[in-house]
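# Structural overview
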Amino acid sequence: MSLSAATRAEIETARERYPQARSAILPALWAVQHEVGHLSPDGMEEVARILHVTASEVEAVSTFYSMYFQKPHGRHEVIVCINVSCALRGADDIVAHLERSLGCESGSTTADGEFTWSSTVECLGACGGAPAMQLDHRFVENLTPESVDATLAAARASSPHATTGPGDAVGAEPAAASSGERRRGAPAGGRTRPRRRTKPEASDG
Amino acid sequence: MTQTPAAPGPDDGRVGVTIDGREVRVPKGTLVLDAATELGIHIPIYCAHAKLDPVAVCRMCLVHIEKFPKPQPACATTVAEGMVVTTNNAEVTKLREGVLEFLLVNHPLDCPVCDRGGECDLQDFTFRYGPGTSRFPITEKVHFAKALPLSQHIELDQERCILCWRCVRYYDEITGEKEIVLQQRGVQTLVTTFNGEQLKSNFQGNLPEVCPVGALTHREYRFRARPWELQRAPSVCPECSYGCNINADSRDFEIKRFASRDNPLVDDMWLCDRGRYSFPQWNTSERVRRPQLRPRGGEQRDVTAVEAISAAARELRAVVDQHGSGAVGVLGSALNTNEELWLLGRLARDVIGTPHIDHQLEPFEKLDPAEHALGIADIEECDALVVLGAEPEAEAPVLTLRLFKAERKRGARVHRLDHGADPSRIASAVRGAKTIGVIADETNRAHAARVAAAITGGAVRRLTVTRGVNGRGAKDMGVLPGLAAGYRSAPSGKHGREILEAAASGALRALLILGPNPALETAGDVLQRALARADSVVVIDSRPGVCAGAATVLIPGHAFFEKHGTVTNLEGRVQRIRPALPPATPTPTETRVLSSLAAELGARDWDRGEPSAVNRALRAALAPYAAAGNGGRATWVAEAVA
C-alpha cells in the first residue's frame with residue numbers, strides 16, 4: 001500500500017511544523033485515517049518512514065487514543081451519547097432503535113460495511129441538543145427514531161468524511177438540509193446573524 | 001522529625017544530606033536513591049536502572065523528604081544541602097505496601113512456575129516490604145497473553161509485567177532500536193512490538209536481565225533451572241575478542257545460561273546475542289577423552305597421558321634429529337589461555353628451537369601494540385570515531401552499544417565507512433575533532449594505519465579488533481613468527497598458512513597443534529594434506545575434528561569452561577577465566593602437558609606447570625602483565641616493540 005501524494009504532503013507539512021518530527025505523529029495519523037479509513041500497519045510504517053521514527057513508536061501513539069481505528073471501520077462512524085442529558089431525553093430508545101435498524105451490536109460494523117456504531121463514548125458535549133449522536137465529524141441532535149432513519153439513509157447515499165480527497169467533493173456535504181444537523185461546535189440552529197462584539201469599538205484606539 | 005540536617009561543609013561540589021538519621025556527603029546532582037545506596041540503605045525500586053535515565057513511573061521508591069508536601073520518588077529527586085530524608089517511617093511503609101498491592105492486583109502469582117522466581121524483584125520486595133495479603137479477589141484479575149514468543153530467544157508474559165518501562169528505555173537509550181513499546185493505556189497497557197512483529201535486535205538477550213520481574217524471559221532457559229540451583233562461575237565470553245564479563249551459570253554439569261557480569265570498562269553489562277546464546281556448544285558430549293597413539297601404518301591404541309607425552313617427545317625428537325629443529329611447525333589457537341600460549345611459545349622457540357609458530361593463518365605485517373591504544377571505555381571520550389567497514393561490529397557486536405553510548409551521551413560523531421575509504425576524505429570528515437578513534441578489524445589493519453596517519457590536528461588512537469577470545473593474548477605471548485613474547489624480535493619463521501603449505505609439501509616434518517582452533521579448520525584442503533603428509537602430528541585438542549582425527553599422538557585438551565587461566569581482550573585487558581564444568585577427561589591440564597613435554601624434550605628449568613604458577617612466571621617475565629594484574633590493561637611501551 002502506499003499513501004496518496006496529498007496525504008504524504010500533509011504529513012510532510014506536519015513534520016515541518018514541530019521541532020521534533022515525533023510530535024507530528026498525531027496529525028500524520030489523522031491524515032492516514034482520513035485516506036484509508038483506519039490505521040493499517042502499512043500506513044503506520046509509511047508514517048514512520050516519513051517522520052524518521054520507528055513504526056513501533058507510531059503504533060504506541062495510535063493505540064493510546066481511542067479515536068484512531070486499528071481495524072477497518074464502516075464507511076461512516078456513528079457515535080451515540082448516553083450520558084446524563086441524553087439519557088434523560090431518551091438516548092436508550094435511540095440506542096435500541098439503532099441496534100434494531102443497523103442489525104448489529106454497539107462497537108461493530110454493519111454487514112454492508114456502511115456503518116460502525118458505538119454507544120460507549122462519554123459525553124459528546126452536545127447536551128443542548130440531547131439526545132445527540134455524531135455522524136462522522138458532524139453532530140446530529142434532538143434525535144427521534146425517524147430522524148435517525150432519515151440521517152442514516154442520507155449518509156448511505158453519500159460519501160464518508162468531508163475531508164476525503166477532492167474527487168468526493170460533490171457529495172462531501174451529506175444531506176445538509178437535515179434539520180437536526182450542524183457542524184460540531186457551531187451554535188444550535190445555525191448562525192442567524194453576524195456575531196456582535198461584546199464591547200462597542202473604542203474610537204480612540 | 002527530630003533529626004538535624006547535616007552541617008554545611010566546605011564548597012567542594014558536595015552536599016550533605018541526612019537519610020534515616022545518618023549523614024552523608026555526596027556530589028551535587030546525586031539522586032536520593034544513590035545517596036541512600038552509599039549509606040547502605042535499601043530503597044526498593046523497579047523502574048530505575050543503573051544504566052538508564054530516571055523515569056519515576058513505578059512509584060515504589062517514594063520516600064518522605066522534610067519540607068516537601070508530598071512523598072517524593074528517590075530515583076528522580078536530586079539531593080540538596082541539608083535535605084532530611086526518611087525511608088523507614090510508617091508513612092513510607094504504608095506507601096510501599098500500597099504500591100505493591102496495586103502491582104499485584106492483576107499479577108498472576110505464578111512464581112512457582114516462573115523462571116524468574118528466586119531472583120525476582122517483585123517477589124523479593126513483596127516479601128520484604130509488601131502486605132501479606134491482598135484485598136483484591138484472585139478470581140477477578142485482568143488477564144493478558146502468556147508465553148508470547150517475541151523472537152527465537154525472548155518470551156513475553158504480559159500478565160507478569162509491571163509496566164516499569166525498562167525494556168522500552170533499554171531500546172531507546174542503549175541500543176537506539178526502539179523495537180519494544182507500551183501500547184494502549186490504563187489497565188489495558190501492555191508491552192509489545194510493532195504489529196506483533198518479531199524482535200530483530202542483536203542484543204535481545206539483555207531484556208530478561210533488564211526486566212525486574214518475569215515478564216521477559218529467555219526461551220533457551222525456560223524451565224531449565226531455578227536460580228538457587230545454579231553454580232556461578234565468573235568468566236569471560238569466549239565468542240569474540242571484546243572480552244565481555246559473564247557468569248557461566250551451570251546446573252547438573254551443564255551450562256544453562258550466560259549471565260552478564262557488569263564491567264563498566266568492557267561490556268557495561270550488555271552482552272550480544274551471539275555471545276549470550278553460544279552456551280549450548282560447551283555442553284557437547286563429543287569430546288576427546290583418552291590419549292591415543294596412532295602411529296602411521298600401525299595400530300591405534302589408548303594409552304595413559306604420561307605415555308602419550310613421552311611418545312610425542314620421542315616423535316618430535318626424531319624429526320629434529322633427522323631434519324633439524326626447523327622441520328617442526330607449532331600452531332596455537334586464539335581459544336587458548338595466556339598461560340598455555342606462553343608455554344607453547346617457549347616450548348617452540350627455547351626447547352624445540354623452531355621459528356615456525358603461529359596461531360592463525362594470515363600473516364601480520366608490522367604488528368604494533370599501539371594499534372590497540374584506544375581502550376573500550378576511551379571510545380566515550382572521543383569526539384569522532386571512524387569505523388572501517390562492517391567487520392569490527394560484526395566481529396565484536398557489543399562495540400556497537402559503546403559507539404551508540406558515545407553518540408548519545410557525548411554527541412560524538414561516528415563515521416561508519418567502507419573499509420577501503422580514501423584516507424584524505426576521512427581526514428577531512430573528522431577535521432575539528434580533538435580526539436579521534438579509528439577502529440578496524442585485522443584484515444584492514446594496514447588501511448587503518450594509513451587513515452590514522454592521514455588525520456592531522458587531533459589526537460588519534462587506534463583499536464584493532466582481534467579475532468578469537470584470546471587473539472590479542474596470542475600476540476602478546478609471541479605465538480607469532482618473528483615476534484617472541486612481549487613483542488621481542490625473534491628469528492623470522494613461517495606464518496600459519498605457510499606452515500601448513502610447508503608440511504603439505506614435505507618441508508616441515510612434524511606439527512605440534514594446540515587446539516581447538518576453528519581458524520585453522522577454515523584452511524580446508526591444505527590442512528588435510530599437511531596433516532596427512534607430516535611424519536608426526538602431535539595434537540592437544542578437546543574436540544574430535546580434522547586435527548584430532550589426523551593426529552599421530554592425540555592428547556585430550558580441556559574446553560574453555562573447564563580450565564583456569566587468563567585471556568586478553570582486544571584492548572589488552574587481562575581477565576581471568578574460571579571453570580564452570582568438571583573436566584571431561586582425567587588428562588592433566590594443558591599447561592601441565594606442555595611442561596611435561598618440555599621436560600621430556602630436555603628442558604630443565606620448567607616447573608610442573610600448574611596454571612597459577614605459570615601465571616606467576618608469566619607476570620614475572622612480562623612487566624605489562626604484572627602491571628595489569630587481573631582486570632587491568634597490559635600496555636606495551638614503545639621501546640619494547642621490535
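Residues numbered from 1 in each chain as written. Chains lettered and ligands numbered in written order. Predicted model: local features only at pLDDT ≥ 70, side-chain atom pairs only at ≥ 80, totals over all residues. Heavy atoms only, no water.

### Structural notes on the domain arrangement of chain B
Residues and elements named next belong to chain B.
- Here chain B is partitioned into domain 1 (14–103), domain 2 (111–283), domain 3 (292–360 + 472–628) and domain 4 (369–465).
- Computed from C-alpha atoms alone, the centre-to-centre distance between domain 1 and domain 2 is 26 Å.
- Of the residues lining the interface, 18 residues belong to domain 1; the matching set on domain 2 comes to 26 residues.
- Roughly 2100 Å² of surface becomes buried between domain 1 and domain 2 when both sides are summed, with 62% attributable to carbon and sulfur atoms.
- Contact with domain 2 buries surface across domain 1, with Tyr 46, Lys 51 and Glu 101 losing the most and accounting together for 36% of the total.
- For the pair domain 1 and domain 2, the number of links is three salt bridges.
- For Asp 268, the salt bridge is made with Lys 51, and the minimal N-O distance between the two is 2.8 Å.
- Remark: the boundary between domain 1 and domain 2 carries eleven residue pairs in polar contact (both at pLDDT 80 or more).
- Partitioned by chemical class, the residues of the side of domain 1 that touches domain 2 number eleven nonpolar, two polar and five charged. (Domains from an automatic or database assignment. Contact = heavy atoms within 4.5 Å. Buried area = accessible area lost by both parts, 1.4 Å probe. Salt bridge = Lys/Arg side-chain N within 4 Å of Asp/Glu carboxyl O. Polar contact = N/O pair within 3.5 Å; in protein donor to acceptor, adjacent residues only side chain to side chain. Nonpolar A, V, L, I, M, F, W, Y, C, P; charged D, E, K, R; others polar.)

### A few points about the side chain of Thr30(B)
Residues and elements named next belong to chain B.
- Residue position: Thr 30 is located in the loop between β2 (22–27) and α1 (32–38).
- Within the local environment of Thr 30, its side chain forms a polar contact with the backbone oxygen of Pro 27, the two atoms lying 2.5 Å apart.
- Excluding its chain neighbours within four sequence positions, the residues that come into contact with Thr 30 are Ala 35, Thr 77, Thr 78 and Val 79. (Helix = DSSP H or I, 4+ residues; strand = E, 2+ residues; numbered from the N terminus.)

### Considerations on the environment of Val36(A)
Residues and elements named next belong to chain A.
- Locating Val 36 in the fold gives a position in helix α2 (residues 25–36).
- Owing to a relative accessible area of 30%, Val 36 belongs among the partly exposed residues under this scheme.
- A sequence separation of 30 residues divides Val 36 from Ser 66, and the C-alpha atoms of the two residues are 17 Å apart. (Buried < 20%, exposed > 50% of the residue type's maximum accessible area, 1.4 Å probe, protein only.)

### Comments concerning unusual backbone geometry
- Residue Ala130(A) is joined to Pro131(A) through a cis peptide bond whose omega torsion reads -10 degrees.
- Cis geometry marks the peptide bond from Gly515(B) to Pro516(B), where omega comes out at -5 degrees.
- Relative to the assigned elements, Pro516(B) resides in the loop between β24 (510–514) and α15 (518–521).
- The residue Asp20(B) is not glycine, and still its phi comes out positive at about 50 degrees.
- Mapped onto the fold, Asp20(B) is located in the loop between β1 (14–19) and β2.
- One non-glycine residue with positive phi stands out, namely Trp165(B), at about 75 degrees.
- In this structure, Trp165(B) sits in the loop between β7 (154–156) and α4 (166–175).

### Quick word on the sheet that holds strand β20 (residues 435–441) of chain B
Residues and elements named next belong to chain B.
- Here four strands make up an open sheet; going across it, the order is β19-β18-β20-β21 and the pairing parallel. Pairing within the sheet leaves two strands with one partner each, and these edge strands are β19 (413–417) and β21 (459–465). Ignoring which end each strand starts from, the neighbouring axes of this sheet average 15 degrees apart.
- In this structure, strand β18 (residues 384–388) lies alongside β19, joined through five bridges in parallel fashion. Counted as the bridge partner of Leu 385 is Val 414 from β19. (Pairing = 2+ DSSP bridges. Axes fitted to C-alpha atoms, helices over the stretch in contact; angles between N-to-C directions.)

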